[in-house]
Amino acid sequence: MAQCPCGSGSGFDECCGPIIGGAPAPTPEALMRSRFAAFVHGDLDHIENTHASEVRDTFNRSAAESTAQSVEWVDLEICGTADGGADDDTGTVEFRARFKKDGELMVHHEISNFRREEGLWAYVDGKMNPKGKPRRVEKVGRNAPCPCGSGKKYKKCCGA
Amino acid sequence: MERRFSCTACGKCCHGMLPLTIDDALAHADKFPLVVMWTPVRQGGRSFGVTAELGVTIQLKKRRLAAVQIAPTAYIPPSLPCPELAEDGLCAIHARKPQRCRTMPFSAYRDEKDHDDLMIPRSGWECDTSDQAPVVYRDKRILDRNDFDVERTQLLRDAAILKPYAEWLLDAVPSLRPELHKAALKPVGGRVPVAFSTLIPRLPKVDIYAFARKQVPIMKAFAERTADDPGLVDFHQWYVDSHAEWEKVASGRP
């Protein structure tokens, strides 16, 4: 049986197939995966049907179709999710979708927002190429105990 | 302070780039080679406020800001005439011409009080600013402001589409921000042309295939028109690349 393009390792018919067929997605991640699989299959109906109400008015179907046709999808990586549980009405999914355009490998990195509308998860919008949290480096004082655990002052030990 | 002005239909201002409203760009997609032009204006620069209101602001170095005008634009080299400027020197599409042309010599991209220089003919232009010409601008106010107001209303409506488009594209294309920084540092004429195809997904009613079929021949025509001029190599390359891109889109569906 054909593997699901979303990369779950399951067969398409046990994974994204039913959701694309109209079954409710249990989580934002499941919906995200099914939308990726639908893009791979060129099934733009599923993309359009799983948009939040305000997106439906601004969605350009022909442009999405043209984009889907012009790229070759490679794989999908789910980097993380937040909320989107049974008791939540919103949720986010961070993903990287790799694709080839004109032979060049590219990546679409996005944090997507989802909202429950009449019980069903729907795609609202996303932030592309989100910045990670800034790296914080703790500075060790010269006279503080050395973090290596020697008991000496930092300036007399590793900081010398 | 009064400014007198009367158009003599010399056709000199019908050359070069022409910013357009979204509707004008779509209506003339078979006539103009279209881009989305991003033009930074530094803080303290001309009409910074209105540019920020209609477009976006980006952070420059040393806590300075630049406002970026984002305008669908007929991408025509300054030395070339508008393709609709007829042999007789008049506009071939006068009845349907873009609002940008109608509002001349005023511009809704500018503050109303910032118009003095627009009524001074540029070198070679034949605008009549003599005592015979009527007063059109007095004490920083436009006297017949109908077209100015129409254009400003359209620009404000477009801004509702162009602002979120700009924020999205700045995230989606990380190289755009440094290019805008570079353009903002140029003393004059700094701007970044962006393919019009980036805007189409934001215009729900536009069929991208039909749009591509309109742009293919006009990009080809401008590529040919600029092929032999060494001063226009950048323009020429743009038309060649755009032609290939739209050709590819157009071939996606018959």
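Residues numbered from 1 in each chain as written. Chains lettered and ligands numbered in written order. Predicted model: local features only at pLDDT ≥ 70, side-chain atom pairs only at ≥ 80, totals over all residues. Heavy atoms only, no water.

A few points about the environment of B:Ala133
Then comes step 1: Inspection of the secondary structure puts B:Ala133 in the loop between α3 (99-103) and β6 (135-138).
Then comes step 2: If near-sequence neighbours (up to four positions away) are discounted, B:Ala133 is found in contact with B:Arg4, B:Phe5, B:Ser6 and B:Asp128. (Helix = DSSP H or I, 4+ residues; strand = E, 2+ residues; numbered from the N terminus. Contact = heavy atoms within 4.5 Å.)

Structural notes on helix α5 (residues 61-70) of chain A
Then comes step 1: Restricting attention to buried positions, one finds in α5(A) the residues A:Ser62, A:Ala63, A:Ala64, A:Glu65, A:Ser66 and A:Ala68.
Then comes step 2: Packed against the buried residues of α5(A) are α2 (28-41), α3 (44-49) and β1 (71-83) of chain A together with α6 (208-225) and α7 (233-250) of chain B. (Buried < 20%, exposed > 50% of the residue type's maximum accessible area, 1.4 Å probe, protein only.)

Section: the packing of aromatic side chains
All names here are of chain A.
Then comes step 1: The final tally for this structure, using the stated rule, is 13 aromatic pairs over all chains.
Then comes step 2: A ring pair is formed by Phe-39 and Trp-73, whose centres lie 5.6 Å apart and whose planes are at 45 degrees; its orientation type is tilted. In this pair, Phe-39 sits in helix α2 while Trp-73 sits in strand β1, placing the two residues 34 residues apart along the sequence.
Then comes step 3: For Trp-73, a relative accessible area of 21% puts it in the partly exposed group. (Phe/Tyr/Trp six-rings, centres within 6.5 Å; stacked < 30°, edge-to-face > 60°.)

A short note on the confidence of the model for chain A
Then comes step 1: Considering every residue of chain A, the mean pLDDT works out to 90; 99% of them sit at 70 or more.
Then comes step 2: Taken element by element, the predicted model of chain A shows its lowest mean pLDDT in helix α4 (residues 53-56) of chain A (88) and its highest in α2(A) (93). (pLDDT = per-residue confidence, 0-100.)

Here's the deal with the interface of chain A and chain B
Then comes step 1: With 13 residues of chain A at the contact, the number on the chain B side is 16 residues.
Then comes step 2: Of the roughly 1,100 Å² buried between chain A and chain B on both sides combined, carbon and sulfur atoms contribute 42%.
Then comes step 3: Summed over the three residues of chain A that lose the most area to chain B, namely A:Asn60, A:Ser62 and A:Met128, the buried surface amounts to 37% of that side.
Then comes step 4: Inspection of the region where chain A meets chain B yields two salt bridges.
Then comes step 5: Between B:Lys248 and A:Asp102 there is a salt bridge, with the nearest N and O atoms lying 2.1 Å from each other.
Then comes step 6: At the junction of chain A and chain B, the tally comes to eleven residue pairs in polar contact (both at pLDDT 80 or more).
Then comes step 7: For the side of chain A that touches chain B, the secondary structure elements donating two or more residues are α5 and β4 (120-128) of chain A.
Then comes step 8: For the side of chain A that touches chain B, the element with the most residues is α5(A), which contributes five residues.
Then comes step 9: A per-class count over the side of chain A that touches chain B returns three nonpolar, six polar and four charged. (Buried area = accessible area lost by both parts, 1.4 Å probe. Salt bridge = Lys/Arg side-chain N within 4 Å of Asp/Glu carboxyl O. Polar contact = N/O pair within 3.5 Å; in protein donor to acceptor, adjacent residues only side chain to side chain. Nonpolar A, V, L, I, M, F, W, Y, C, P; charged D, E, K, R; others polar.)

Side note on unusual backbone geometry
Then comes step 1: B:Met104 connects to B:Pro105 through a cis peptide bond whose omega is 5 degrees.
Then comes step 2: Relative to the helices and strands, B:Pro105 resides in the loop between α3 and β6.
Then comes step 3: In the Ramachandran plot, A:Asp83 falls in the positive-phi region, its phi being about 55 degrees despite a non-glycine side chain.
Then comes step 4: One can find A:Asp83 in strand β1.
Then comes step 5: Residue class for A:Asp83 comes out exposed when judged on its relative accessible area of 59%.

Focus: the sheet that holds strand β2 (residues 90-101) of chain A
Residues and elements named next belong to chain A.
Then comes step 1: As summarised here, the arrangement of the four strands in space is β1-β2-β3-β4, forming an open sheet in which the pairing is antiparallel. Each edge of the open sheet carries a strand with a single partner, namely β1 and β4. Geometrically, the sheet is characterised by an average inter-axis angle of 30 degrees between neighbouring strands, direction not taken into account.
Then comes step 2: Where β2 lies against strand β3 (residues 104-117), twelve bridges are found, and the strand directions are antiparallel. Paired with Lys-100 across the bridge in β3 is Leu-105. (Pairing = 2+ DSSP bridges. Axes fitted to C-alpha atoms, helices over the stretch in contact; angles between N-to-C directions.)

Examining α2(A)
Residues and elements named next belong to chain A.
Then comes step 1: Along its 14 residues, α2 runs 20 Å from first to last C-alpha, staying within 8% of the 20 Å computed at 1.5 Å per residue.
Then comes step 2: All of the buried residues along α2 are Pro-28, Ala-30, Leu-31, Met-32, Arg-33, Ser-34, Arg-35, Phe-36, Ala-37 and Ala-38.
Then comes step 3: The positive-phi residue at the C-terminal boundary of α2 is Gly-42, with phi of around 70 degrees. (Expected span 1.5 Å × (residues − 1).)

Section: the confidence of the model for chain B
Then comes step 1: Summarising the model, chain B shows a mean pLDDT of 92, and 99% of its residues fall at 70 or more.
Then comes step 2: Confidence metrics for the complex model read pTM 0.87 and ipTM 0.79.

Description of the environment of A:Arg142
Residue and element names in this part refer to chain A.
Then comes step 1: Along the chain, Arg-142 falls in the segment after β4.
Then comes step 2: Owing to a relative accessible area of 55%, Arg-142 belongs among the exposed residues under this scheme.
Then comes step 3: Those residues in contact with Arg-142, other than ones at most four positions away along the chain, are Lys-153, Tyr-154 and Lys-155.

Considering the pattern of salt bridges
Residue and element names in this part refer to chain B.
Then comes step 1: This structure, assessed with the given rule, holds 26 salt bridges over all chains.
Then comes step 2: A salt bridge links Asp-117 to Arg-46; the nearest nitrogen and oxygen atoms lie 3.5 Å apart. Of this pair, Asp-117 sits in the loop between α3 and β6 while Arg-46 sits in the loop between β3 (34-42) and α2 (48-54), and the two are 71 residues apart along the sequence.
Then comes step 3: A salt bridge links Lys-140 to Asp-116; its shortest N-O distance comes to 2.7 Å. In this pair, Lys-140 sits in the loop between β6 and β7 (141-142) while Asp-116 sits in the loop between α3 and β6, placing the two residues 24 residues apart along the sequence.
Then comes step 4: The exposure class assigned to Lys-140 is partly exposed, which follows from its relative accessible area of 41%.

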